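Spelled out from the first residue to the last, the chains are:
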Amino acid sequence: MTKQVKQIDRVVIRFAGDSGDGMQLTGDRFTSETASFGNDLSTLPNFPAEIRAPAGTLPGVSSFQLHFADHDILTPGDAPTVLVAMNPAALKANIRDLPRGAEIIVNTDEFSKRAMAKVGYATNPLEDGSLDAYNIHAVPLTTLTVDALAEFDISKKDAERAKNMFALGLLSWLYHRPTESTIAFLKKKFAKLPVIAEANVAAFKAGWNFGETTEGFAVSYEVAPAKLPAGTYRNITGNLALSYGLVAAGQRAELPVYLGSYPITPASDILHELAKHKNFNVRTFQAEDEIAGIGAALGAAFGGALGVTTTSGPGVALKSEAIGLAVSLELPLLIVDVQRGGPSTGLPTKTEQSDLLQAMFGRNGEAPVPIVAPRTAGDCFDAAIEAARIALKYRTPVFLLSDGYLANGSEPWRIPNVDELPDLRVEFATEPNHETEDGTKVFWPYKRDPETLARPWAVPGTPGLEHRIGGIEKADGTGAINYEPANHDFMVRTRQAKVDGIAKDIPALEVDDPTGDAKVLVVGWGSTYGPIAAGVRRVRSQGGKVAQAHFRHLNPFPANTEEVLKKYDKVIVPEMNLGQLAMLLRARYLVDAISYNQVRGLPFKAEELAHVIQGVIEDV
Amino acid sequence: MSEATASANGAGANGRSGFPSLTLVPKTDEKQTMKDFKSDQEVRWCPGCGDYAILAAVQGFLPELGLRKENIVFVSGIGCSSRFPYYMNTYGMHSIHGRAPAIATGLASSRQDLSVWVVTGDGDALSIGGNHLIHALRRNVNLKILLFNNRIYGLTKGQYSPTSESGKITKSTPLGSLDHPFNPISVAIGAEATFVARTIDSDRKHLTSVLREAAAHPGTALVEIYQNCNIFNDGAFDQLKDPDTRDDVTIRLEHGQPITFGKDGQFGVIRGASGSLDVAEVAKVGTDALVVHDAHAENPELAFALSRLGDLTSNFHTPIGVFRNVERPVYDTLMAEQLATDTANRGAGDLASLISGNDTWTIA
């Protein structure tokens, strides 16, 4: 049978099933196949906080969305054009996101009366006509998998568990994905259980062959590789890129890296990753709590290491006092906040960017901390290096604000040439830096570099520079305890001036305004870059004129920020919070910024942003 | 020993093995005296505070270690005692309330060439920072923790602390404290500490001998120092200091010796019927019945039983000295070994190869 092959330019697939069905793994493998094929891609894993939520229930549904294309893309896609639903709960939880005409591949084996009743289906949706708007492919995935594995000496349960690989094989056939990497992956993953490895490979191949032979799938699709800039690429998630950025920062600074951290979703993977790289002179310390995590990192920084602590919003709250101490001590320190839905425990596995004001102001006293935010998964690498650069050069704690979407989402990443990464080497103080009136040479720990206002970093073990630092206000220069009004006023202003002065040392805010005469500007920060840029593209493709700017540095803002904002009649600020950047821009620049906000735990959709932008354009 | 006559290389004089915890810390050839460890800062504790005596004892003892003073670091939290680092001419950090053990853990576990000391108080270590204290103890980080216990909050002007006796009348407890106090020695032993000792601010000789043993101990050493706050809790330890009573209420622990006390050694510690420890007159029970102190016992049972002897209100039968001193792998050493082993096994990391991973594709 010769089957028809259609060329298409992009696809959005969502794999959905029970938390125990292996949907994240299935999505990861399909992503890997797609990456090695050379498509541009973007992913959105979405899973419950519970490790194994009750089987077959709506809260237990775990999904993985993947957008891939023959051109560069910016988001994981607004709506899936293909849904793989492993059970009734997965169908029910995801059906409302599908456009009419979408393809749905369902595992009919799981559509028992009981399973359907559990999620509120009174009648079988596969038969009652409620899905007529979609192209349904009813496939008994479990039965087909078990039949395919009949010859293997494994339990029925183990055979059934391979159904995700059958589904992956079917989808791999449907979109002409290369299969070698998945077969190699399965053999490695189950190296200690060769029978299970072979069974999974067999299920994967059976899925592929099923697509090839069944009449249920008359058409398969090809999505040509994307024409990305020349270079060597890999697929990478934000947490992995961020971890590599920290290792790279240590290497480029020629300093040991010391990570003090307490496990917290969605930041823990950075701890896991760094723990693997001890041969890069990376120490990881799993502390007794969030405070000890940052405390140890700060102690190591006092000793001359690149101190790092990783956490999410609730952890930042606990670390606040120690961050204030780092501000007062003026030691380099990285605070990585992989933001999640709040307040309190909030939505541990869902994304949000609602910690901006916490990072900016969440401390007692005047305690300015520079803030850097990556815009894509791959950008987490560069942003980590940039945060380290600022911390080391200005002897200050620096916030790196990632989020759950960047952390777990992935994209193709052009691997940088390590020799071209910034040189982060620092000079430790080795000599006295001050001469007293009687000519004695002494060391003043708070005598600043006149250019950067950074104080010297004199590490224990350096003879003659013994000194004491602490959280009590210090005299300018000597660092001795000092309670004098004028000195405190001076020190508060000097610490602020040091952070403000970083504006001279960061790139200007770039504006993308191809026609040069747009009247509306959209500004964002962090992970909303992709959806905003995609929304902007849509508006422009329909003839709308709109400019886009995206902040990487949020404290201080780039020096040209005011000039950029004031050039446009309207400024729109989409954020996954209730208007935190907008509040800062309004306060600082007296700009009547228009906030567009949602806090659904999911990234913006390009279409919704296009609609918002179009609305403002029509208002001007 | 006299405070000003430490040998030029004290560690050498004691033999390197005298301070096995400090083998990686650079030694000095210069003759050090107490004065070398005094900073230029005016000491600002209340006149008569027990902290002065402890400061003098520490400054007097450090030359004995023979270390380069730039390789010594004092880290403290918040409270009266935590001002200590400012008065030491070493590296130092006055940090935030309760967190000194965590900060010192990061420093000590990344710099084995440093001798790291934590100075803390009963509120700092046992109340707000209780969590960090117990975890530092169980990890056995190479830290020497000096816990100044005055059983009161001094810097906030006189509230009860977690070591204050039940019923204590303070500003925050006008009708008496409802809290049952911690026994810091029991807490430390329960937290798997490898070195636990108690001493008294005013007994310079005993304090110095305990510091010496603590400094030599590889791993975390907890030294509880009974310290008089003459403003808010004056006389809290008078029974242990008064020449008329001290010998009869203080039990001086010495490893390997039968535990006796009293002016004429007339009292001793025996096993009671239930297995717990009791105090008895030696003449009545005979010397064979006396418990022999074994600080090196792997099982912490005896050390713990001894920690329960003292009456925290009357101070009667308060053991001082080293309760427990056992060897266990040191956290900093283990951490350094993991790095060294990983580097030996895989070679120094190659950044380009790391970030490339195993699955790449090239676009021309």
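Residues numbered from 1 in each chain as written. Chains lettered and ligands numbered in written order. Predicted model: local features only at pLDDT ≥ 70, side-chain atom pairs only at ≥ 80, totals over all residues. Heavy atoms only, no water.

### Focus on a negative patch on the surface
Residues and elements named next belong to chain B.
Next, step 1: A surface patch of negative charge is lined by D234, D238, D242 and D244.
Next, step 2: Its location among the elements puts D242 in the loop between helix 8 (238–241) and helix 9 (246–249).
Next, step 3: The class of D242 is partly exposed, set by a relative accessible area of 33%. (Patch = residues over 30% accessible without salt bridge, like charges linked within 9 Å, V, L, I, M, F, W, Y side chains within 5 Å. Areas by Shrake-Rupley, 256 points an atom, 1.4 Å probe, with all protein chains shown as cover. Salt bridge = Lys/Arg side-chain N within 4 Å of Asp/Glu carboxyl O. Lys, Arg positive; Asp, Glu negative; His and termini not counted. Charge placed at Lys NZ, Arg CZ, Asp CG, Glu CD. Helix = DSSP H or I, 4+ residues; strand = E, 2+ residues; numbered from the N terminus. Buried < 20%, exposed > 50% of the residue type's maximum accessible area, 1.4 Å probe, protein only.)

### Brief notes about the domain arrangement of chain A
Next, step 1: Under the domain assignment, chain A is made up of domain 1 (4–222), domain 2 (234–413), domain 3 (427–505) and domain 4 (511–619).
Next, step 2: Inter-centroid distance (C-alpha atoms) of domain 1 of chain A to domain 3 of chain A is 60 Å. (Domains from an automatic or database assignment.)

### Here we look at the sheet that holds strand 8 (residues 260–261) of chain B
All names here are of chain B.
Next, step 1: In space, the three strands of this open sheet follow the order 8-9-10, with antiparallel pairing throughout. A single partner strand is all that each edge strand has here, and the edge strands are strand 8 and strand 10 (277–281).
Next, step 2: Both strand 8 and strand 9 (residues 267–271) contribute to a ladder of two bridges, which runs antiparallel. Bridging from a neighbouring strand, F261 pairs with F267 of strand 9. (Pairing = 2+ DSSP bridges.)

### What about the interface of chain A and chain B?
Next, step 1: Each partner contributes residues to the interface: chain A has 69 residues there, and chain B has 59 residues.
Next, step 2: Interface of chain A and chain B: buried area, both sides summed, is about 5300 Å²; carbon and sulfur atoms make up 61% of it.
Next, step 3: At the boundary of chain A with chain B, the tally comes to one salt bridge.
Next, step 4: Joining chain A to chain B, the criterion identifies 29 residue pairs in polar contact (both at pLDDT 80 or more).
Next, step 5: Residue assignment for the side of chain A that touches chain B shows that the elements contributing at least two residues are helix 1 (23–37), strand 9 (231–237), helix 9 (238–253), strand 11 (282–286), helix 11 (290–302), helix 12 (313–329), strand 16 (410–414) and strand 19 (468–470) of chain A.
Next, step 6: Examining the composition of the side of chain A that touches chain B, we find that seven residues originate from one element, helix 11 of chain A, more than from any other. (Contact = heavy atoms within 4.5 Å. Buried area = accessible area lost by both parts, 1.4 Å probe. Polar contact = N/O pair within 3.5 Å; in protein donor to acceptor, adjacent residues only side chain to side chain.)

### Some remarks on the pairing of strand 7 (residues 135–139) of chain A
Residue and element names in this part refer to chain A.
Next, step 1: One ladder, built from five bridges, connects strand 6 (residues 103–107) with strand 7; its direction is parallel. When the bridges of strand 7 are listed, N107 appears paired with V139.
Next, step 2: Viewed along the sheet, the connection from strand 6 through helix 3 (residues 113–118) into strand 7 turns out right-handed. (Right-handed = clockwise from strand over helix to strand, strands pointing away.)

### Focus: the domain arrangement of chain B
Residues and elements named next belong to chain B.
Next, step 1: Examined at the domain level, chain B breaks down into domain 1 (1–236 + 329–364) and domain 2 (245–321).
Next, step 2: Distance from the C-alpha centre of domain 1 to the C-alpha centre of domain 2: 28 Å.
Next, step 3: Between domain 1 and domain 2, the residue contacts involve 17 residues of the former and 13 residues of the latter.
Next, step 4: When domain 1 packs against domain 2, the two sides together hide about 1300 Å² of surface, and 54% of this comes from carbon and sulfur.
Next, step 5: In this structure, D203 and R252 form a salt bridge, with 2.7 Å as the shortest nitrogen-oxygen distance.
Next, step 6: At the junction of domain 1 and domain 2, the tally comes to nine residue pairs in polar contact (both at pLDDT 80 or more).
Next, step 7: Looking at the side of domain 1 that touches domain 2, the elements that each hand over two or more residues are helix 6 (184–190), strand 5 (195–200) and helix 7 (204–216).
Next, step 8: Top element by residues in the side of domain 1 that touches domain 2 is strand 5. It accounts for four residues.

### Description of the confidence of the model for chain B
Next, step 1: For chain B, mean pLDDT is 94; residues scoring 70 or higher make up 95% of the total.
Next, step 2: If you check the scores for this complex, the pTM reads 0.94 and the ipTM reads 0.95. (pLDDT = per-residue confidence, 0-100.)

### Re helix 7 (residues 180–189) of chain A
Because an α-helix packs 3.6 residues into every turn, residues spaced three or four apart end up facing the same way.
Residue and element names in this part refer to chain A.
Next, step 1: When helix 7 is considered as a whole, its buried residues turn out to be T182, I183 and L186. In an axial view of helix 7, the angular spread of the buried residues amounts to 100 degrees, which keeps them on one side of the axis. Opposite the buried face of helix 7, by more than 90 degrees, sit the exposed residues E180 and K188.
Next, step 2: Contacts from the buried residues of helix 7 go to helix 1, helix 6 (163–174) and helix 8 (194–213). (Arc of directions from axis to C-beta.)

### Let's talk about the side chain of S82 of chain B
Residues and elements named next belong to chain B.
Next, step 1: Tracing the backbone shows S82 in the loop between strand 1 (72–76) and strand 2 (91–94).
Next, step 2: Of the polar contacts made by the side chain of S82, one reaches the backbone nitrogen of G77; its length is 3.0 Å.
Next, step 3: Those residues in contact with S82, other than ones at most four positions away along the chain, are S76, G77, H94, V119, T120 and D124.

### Concerning the environment of S62 of chain A
Residue and element names in this part refer to chain A.
Next, step 1: Along the polypeptide, S62 turns up in strand 4 (residues 61–69).
Next, step 2: The spacing of S62 and F47 is 15 residues in sequence and 4.4 Å in space, taken between C-alpha atoms.
Next, step 3: When sequence neighbours within four positions are dropped, the list of residues in contact with S62 reads F15, A16, G17, D18, S19, M23, Q24, N46, F47 and P48.

### A word on the sheet that holds strand 12 (residues 360–363) of chain B
Next, step 1: The strand order across the open sheet built from three strands is 16(A)-9(A)-12(B), with neighbouring strands paired in antiparallel fashion. Two strands close off the open sheet at either side, each with one partner strand: strand 16 of chain A together with strand 12 of chain B. Averaged over neighbouring strand pairs, the angle between their axes works out to 35 degrees when direction is ignored.
Next, step 2: As paired elements, strand 9 of chain A and strand 16 of chain A share five bridges and run antiparallel to each other. (Axes fitted to C-alpha atoms, helices over the stretch in contact; angles between N-to-C directions.)

### Details of the state of the cysteines
Next, step 1: Under the defined criterion, the tally for this structure stands at zero disulfides over all chains.
Next, step 2: Distance from the sulfur of C49 of chain B, which forms no disulfide, to the nearest cysteine sulfur (C46 of chain B) is 6.3 Å. (Disulfide = S-S within 2.5 Å.)

### Details of the pattern of salt bridges
Think of it this way: side chains of opposite charge can pair up when their charged atoms draw near.
Next, step 1: Enumeration over the complete set of coordinates arrives at 33 salt bridges over all chains.
Next, step 2: Of the charged contacts in the structure, one is a salt bridge between E288 of chain A and R139 of chain B, with a shortest N-O distance of 2.9 Å. Here the residue E288 of chain A occupies a position in the loop between strand 11 and helix 11, and R139 of chain B occupies one in helix 5 (residues 130–139), the pair thus bridging two chains. The two residues E288 of chain A and R139 of chain B agree in class, both being buried.
Next, step 3: K284 of chain B is the salt-bridge partner of E281 of chain B, the closest N and O atoms lying 3.9 Å from each other.
Next, step 4: Using a relative accessible area of 39% as the deciding quantity, one classes E281 of chain B as partly exposed.
Next, step 5: Here K284 of chain B falls in the exposed class, since its relative accessible area comes to 68%.
Next, step 6: One salt-bridge network, in which partners are shared between bridges, spans E386, R389, K393 and D505 of chain A.

### Remarks on unusual backbone geometry
Note on backbone geometry: most residues besides glycine have negative phi, and most peptide bonds are trans.
Residues and elements named next belong to chain A.
Next, step 1: For the bond from G342 to P343, the omega torsion is 0 degrees, close enough to zero to count as cis.
Next, step 2: Tracing the backbone shows P343 in the loop between strand 13 (333–339) and helix 13 (356–361).
Next, step 3: The omega angle of the peptide bond from N555 to P556 is -5 degrees, so this bond is cis rather than trans.
Next, step 4: Looking at the element boundaries, P556 is found in the loop between strand 23 (553–555) and helix 18 (561–566).

### A few points about the packing of helix 11 of chain A against helix 3 (residues 100–110) of chain B
Next, step 1: At a minimum axis separation of 6 Å, helix 11 of chain A and helix 3 of chain B run at an interaxial angle of 45 degrees. Judged by the inter-axis angle, helix 11 of chain A sits oblique to helix 3 of chain B. For the pair helix 11 of chain A and helix 3 of chain B, the crossing hand works out as right-handed. Packed against helix 11 of chain A, whose contacting residues are A292, G295, A296, G299, A300 and F302 of chain A, the element helix 3 of chain B presents A102, I103, G106, L107 and S110 of chain B at the interface. (Parallel < 35°, antiparallel > 145°, perpendicular 65-115°, else oblique. Left-handed = near helix turned anticlockwise from the far one by under 90°.)

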